[in-house]
There are 2 protein chains.
Amino acid sequence: MAGASVRPVPILKDELDIVIPTIRNLDFLEMWRPFFQPYHLIIVQDGDPSKTIKVPEGFDYELYNRNDINRILGPKASCISFKDSACRCFGYMVSKKKYIFTIDDDCFVAKDPSGKEINALEQHIKNLLSPSSPFFFNTLYDPYREGADFVRGYPFSLREGAPTAVSHGLWLNIPDYDAPTQLVKPHERNTRYVDAVLSIPKGTLFPMCGMNLAFNRELIGPAMYFGLMGDGQPIGRYDDMWAGWCMKVICDHLGLGVKTGLPYIWHSKASNPFVNLKKEYNGIFWQEEIIPFFQAATLPKECTSVQKCYIELSKQVKAKLGKVDPYFSKLADAMVTWIEAWDELNDSPVSNPAKQPNGPAK
Amino acid sequence: MAGASVRPVPILKDELDIVIPTIRNLDFLEMWRPFFQPYHLIIVQDGDPSKTIKVPEGFDYELYNRNDINRILGPKASCISFKDSACRCFGYMVSKKKYIFTIDDDCFVAKDPSGKEINALEQHIKNLLSPSSPFFFNTLYDPYREGADFVRGYPFSLREGAPTAVSHGLWLNIPDYDAPTQLVKPHERNTRYVDAVLSIPKGTLFPMCGMNLAFNRELIGPAMYFGLMGDGQPIGRYDDMWAGWCMKVICDHLGLGVKTGLPYIWHSKASNPFVNLKKEYNGIFWQEEIIPFFQAATLPKECTSVQKCYIELSKQVKAKLGKVDPYFSKLADAMVTWIEAWDELNDSPVSNPAKQPNGPAK
């Protein structure tokens, strides 16, 4: 069984940051204490910057509010969303670690069928540290897991797999449904624990949810931009989707792997479907054109870095999705700004005076 | 939970045949009696036709041995393998039913984690009667299962899905490993019950195992040719793989779906890895060229039926894989013979005098 352990060993303790977007006190961390306390947290405070977010004692964290984001990024802060959990990607940018785990503050520790508490972070790390198998489907799921392997008929040349860039975890209790499905099935709960991790095949897109997500920042970080959502934008709740589609096209191009499945977290409460519908309705139309766009997108072989891929993708977004709505031209510009800001903060991390977190530094 | 039930209702009783290739008495059917007895069996006897295969009392079956195959197909019998379980595809051809379930005679009833016996056939039928979702990946697995749905970000236009052509079941206990993996991991057993059914995405190939497999014969039957294997051929144990690769390319072209996952059967014994290596070694080399061939294969839009697709694929096999080994030219010819034989037996089923099974007819 994956995940659960009584006294977790904090693997990659100095190589991973936990990014949490929030508008409230972080009491939810109490339940995660045995698993998260050894790690460093990056808290991105959304909404009113004058509000004080309480973090339980004993956690090592830095906290950024909107004023911090504006001060650190200057005019480039325009690429970071406000009043939407999309703001979390600012945390990816200011991290200096190799790995990121991001989780919503309404997500709690889930239990596996044996009743053991699931160490979600440990499972994400396992997923990220073992290869993916995106080039051919393995019917016994992740061939790198204990007790599993490649089945008969799996080409030997493909068994080395690909480096894993992203680990997408799932949710027990409240499933990640869109507003129309929430409205139609208000009582549906996810009770099925599927004991599997699998690679999303090359060329296949999926809906990436940001609630319980880990990635290798060195391999794919600059593609993890959560877009322009929320305040002043015609759309919300598509931040993680947008990142997932861009990221997957780039992973496929660069030969990187994406896994989904374990670990589960316990998603405690359904968000308001009426509010969600208001945020989502443009996206519900637009995704009908966005998906075929990304399914057809190809990147030239000159795109050898995530940044180059992302800039190229922004051009294609402007050229092809700009016709769908002027919003996409603005988004394409923000994609470029995001990369500029990323490079500014990450190319010379030591000498960069901009990085002045206002929480207790690590 | 899927699968198990105490008194199974025999769904599709008159629309499904169970095809079993064998060289021995079918004592294994005793364990399956509660699930299989209402259905009609087609037994394809491999090896010495003078041997008598005992079938437990009370089963409704027809049985074909090599003499029957030769008599029914005449010169076209050359396309049916001998001394290899590939001979099972003869059963697909002589069936007149809409659905086929095929199972090996060393496969027994498995139990789910609650200890209930799994009605594998019932789960296959559920899989076949609900759509697939091959055009976009759903992270909560089969969205048509009870308690599940499409997640946020899944385009609404794709939620109708595709008709399901194939349901690929899995195995507890002895996993379906190739000879090298068997040799390296002689003691590995599959103990992980993964409670999931999922669609293999469009454009993705997988290793289809014939041990526990169901399909819609009307939708995909003519593509389910298990090739030339065994006696007189330079290869064995690639029969189901070959069918799976051809079938998947054709399903992708015709907009049909393929599911894998539940149901599990209990695979009782590992075959001899040394014998397997002898059968497989050519395949181990060849699959390195076969997979890229099928990954790149496209069918012209004129191919509007499975038969047309299959004939076109046979031409591409001859042209492109013929260079790998002369075996593939022979196989390409056999693919054409298979389709000719299929059409002969299936275009005018009532008036066809060739169909004279020697078992008790239904």
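For clarity, every value in this text was computed on a predicted model and none was experimentally measured.

S.K.: What is the right way to read helix α7 (residues 239-254) of chain B from this model?
M.R.: Every α-helix carries 3.6 residues per turn, so stepping three or four residues along brings you back to the same face. Residue and element names in this part refer to chain B. Helix length check: α7 (16 residues) gives 22 Å between terminal C-alpha atoms against 22 Å at 1.5 Å per residue, within 8%. Of all the 16 residues making up α7, 14 are buried; the element is thus mostly covered by neighbouring parts of the structure. Backbone geometry just downstream of α7 places Gly 255 in the positive-phi region, at approximately 75 degrees.

S.K.: Looking at this model, I keep getting lost on the UniProt feature "glycosylation site" (unreviewed entry) in chain A. Mind explaining?
M.R.: In this numbering, the UniProt entry assigns the feature "glycosylation site" (unreviewed entry) to Arg 152 of chain A. For Arg 152 of chain A, the location among the structural elements is in the loop between α4 (120-129) and β6 (164-173). Owing to a relative accessible area of 5%, Arg 152 of chain A belongs among the buried residues under this scheme. The contacts of Arg 152 of chain A, once residues within four sequence positions are left out, are Asp 176, Tyr 177, Asp 178, Pro 207, Cys 209, Arg 237, Asp 240, Met 241 and Glu 280 of chain B.

S.K.: Honestly, the pattern of salt bridges in this entry has me stumped. Any pointers?
M.R.: When charged atoms on two side chains of opposite charge get close, those side chains can pair. Residues and elements named next belong to chain B. Considering all chains together, one arrives at 40 salt bridges over all chains under this definition. Between Lys 76 and Glu 344 there is a salt bridge, with the nearest N and O atoms lying 2.8 Å from each other. Of the two residues, Lys 76 sits in the loop between α2 (66-73) and α3 (89-94) while Glu 344 sits in helix α10 (residues 327-347), which places them 268 residues apart along the sequence. Asp 104 is the salt-bridge partner of Arg 88, the closest N and O atoms lying 2.5 Å from each other.

S.K.: I keep staring at the side chain of Asp 104 of chain B and nothing clicks. Help me out?
M.R.: Tracing the chain through its elements places Asp 104 of chain B in the loop between β4 (99-103) and β5 (107-108). Those residues within four positions of Asp 104 of chain B in sequence are excluded, and the remaining contacts are Pro 21, Phe 28, Arg 88, Gly 210 and Met 211 of chain B.

S.K.: Please explain the interface of chain B and chain A as it appears in this structure.
M.R.: Many authors give the size of an interface as the accessible area that is lost as the parts come together. In this assembly, 60 residues from chain B lie in contact with 60 residues from chain A. Between chain B and chain A, a total of about 5000 Å² is buried, with carbon and sulfur atoms accounting for 56% of that surface. The largest contributions to the chain B side of the interface with chain A come from Phe 137, Arg 152 and Arg 192 of chain B, which together make up 18% of the buried area. Applying the counting rule to chain B against chain A returns 10 salt bridges. Between the two partners, chain B and chain A, sit 26 residue pairs in polar contact (both at pLDDT 80 or more). Counting only elements with at least two residues in the side of chain B that touches chain A, the list comes to β6 (164-173), α5 (179-184), α7, β9 (257-267) and α8 (273-296) of chain B. Residue contributions to the side of chain B that touches chain A peak at six residues, all from α8 of chain B. Across the side of chain B that touches chain A, the residue classes tally to 31 nonpolar, 12 polar and 17 charged.

S.K.: Where do I start with the packing of helix α7 (residues 239-254) of chain A against helix α9 (residues 306-321) of chain A in this structure?
M.R.: When two helices pack together, their arrangement is captured by the angle between the axes and the distance separating the axes. All names here are of chain A. Running from amino to carboxyl end, α7 crosses α9 at an angle of 125 degrees, the nearest separation of the two axes being 10 Å. Viewed along their axes, α7 and α9 adopt a mutual orientation that is oblique. Read as a crossing pair, α7 and α9 show a hand that is right-handed. For the pair α7 and α9, the contacting residues are Trp 242, Cys 246, Val 249, Ile 250, His 253 and Leu 254 in the first and Val 306, Cys 309, Tyr 310, Leu 313, Val 317 and Leu 321 in the second. Classifying every residue of the contact of α7 with α9 by side-chain character gives 11 nonpolar, one polar and no charged.

S.K.: I'm lost on the pairing of strand β2 (residues 40-45) of chain A in this one. Help?
M.R.: Along any regular strand, the residues point their side chains to alternate faces of the sheet. All names here are of chain A. Counting buried residues along β2, six of its six residues qualify, which places the element largely inside the surrounding structure. Side chains His 40, Ile 42 and Val 44 of β2 all project onto a buried face; the interleaved residues Leu 41, Ile 43 and Gln 45 project onto the opposite face, where all are buried too. Alignment of strand β1 (residues 16-22) against β2, held across six bridges, turns out to be parallel. Its bridge partner lying in β2, Val 19 is registered against Ile 42. Between the parallel elements β1 and β2, the chain passes through helix α1 (residues 29-36) in a crossover that is right-handed. As defined by bridge partners, β2 adjoins strand β3 (residues 60-64) across five bridges and the pair is classed as parallel. Bridge assignment links Val 44 to a residue of β3, and that residue is Tyr 64.

S.K.: Explanation requested: the pairing of strand β8 (residues 212-216) of chain B in the structure shown.
M.R.: All names here are of chain B. With five of five residues buried, β8 is to be regarded as a mostly interior element. In terms of strand pairing, β4 meets β8 through five bridges, oriented antiparallel. Looking at the pairing, Thr 102 lines up with Leu 213 of β8.

S.K.: When you look at the packing of aromatic side chains in this model, what are you seeing that I'm missing?
M.R.: All names here are of chain A. In total, this model carries 40 aromatic pairs over all chains according to the counting rule given. Between the aromatic rings of Tyr 92 and Phe 226, the centroid separation amounts to 5.6 Å while the plane-to-plane angle is 75 degrees, which identifies the pairing as edge-to-face. Here Tyr 92, found in helix α3 (residues 89-94), pairs with Phe 226, found in the loop between α6 (217-220) and α7; they are 134 residues apart in sequence, far enough to count as distant. Across the pair, Phe 226 and Tyr 92 agree in class, each one buried.

S.K.: Honestly, the relation of the copies chain B and chain A in this entry has me stumped. Any pointers?
M.R.: To go from the first copy of the chain to the second, apply a rotation about an axis and then a shift along the same axis. Superposing chain B onto chain A takes a rotation of 180 degrees plus a shift of 0.0 Å along the axis, which leaves an RMSD of 0.0 Å. What the superposition gives is, in effect, a two-fold axis relating one chain to the other. When C-alpha distances to the rotation axis are compared across chain B, the minimum falls at Val 194 of chain B, with a value of 2.8 Å. An overlap of 100% is found between the interface residues of chain B and their copies at the interface of chain A, pointing to a shared contact surface.

Here is what the cut-offs are and how they apply
Position numbers for residues count from 1 along each chain, tracking the sequence in the order it is written. Each chain is given a letter, starting from A, and each ligand a number, starting from 1, according to the order in which they appear as written. Only residues with pLDDT of at least 70 get local features here, since the model is predicted, and only at 80 or more are side-chain atom pairs given and counted; chain-wide, interface and lining totals rely on the full set of residues. No hydrogens and no water enter the side-chain calculation; it runs on all heavy atoms of the structure. For the purposes of this entry, the term helix denotes a DSSP run of H or I that reaches at least four residues, the term strand denotes a run of E that reaches at least two, and both are numbered from the N terminus. By this rule, a helix spans an expected 1.5 Å times one less than how many residues it contains. Working definition: with a 1.4 Å probe on protein chains only, accessible area under 20% of the residue-type maximum means buried, over 50% means exposed, and in between means partly exposed. UniProt positions are given in the numbering used here, feature names are shortened, and annotations may be inferred rather than shown by experiment. Here, residues are in contact when the closest pair of their heavy atoms is within 4.5 Å. Every case where a carboxyl oxygen of Asp or Glu lies within 4 Å of a side-chain nitrogen of Lys or Arg is listed as a salt bridge. The quantity reported as buried area is the accessible area (1.4 Å probe) lost by two parts once they are put together, taken as the sum for both. Polar contact is the term for a pair of N or O atoms within 3.5 Å; when the atoms are in protein, one must be able to donate a hydrogen and the other to accept it, and sequence-neighboring residues count only if both atoms are side-chain atoms. In the scheme used here, Gly and all other residues not listed as nonpolar or charged are polar, with Ala, Val, Leu, Ile, Met, Phe, Trp, Tyr, Cys and Pro taken as nonpolar and Asp, Glu, Lys and Arg as charged. Each axis is a line fitted through C-alpha atoms, taken for helices only over the stretch in contact, and angles between the N-to-C directions span 0 to 180 degrees. These descriptions rest on fixed angle ranges, namely under 35 degrees for roughly parallel, over 145 for roughly antiparallel, 65 to 115 for roughly perpendicular, and the rest for oblique. In this scheme the crossing of two helices becomes right-handed for a clockwise turn of the near helix relative to the far one and left-handed for an anticlockwise turn of less than a right angle. The pairing criterion is simple: DSSP has to find at least two bridges between the two strands. Handedness of a crossover: with both strands directed away from the viewer, a clockwise path from the first strand across the helix to the second marks it as right-handed. Two rings from Phe, Tyr or Trp (for Trp, the six-membered ring) form a pair when their centres sit within 6.5 Å of each other. Planes less than 30 degrees apart are called stacked, planes more than 60 degrees apart edge-to-face, and all others tilted. For this overlay, a least-squares fit was computed on C-alpha atoms, restricted to residues scoring pLDDT of at least 70 in both copies.

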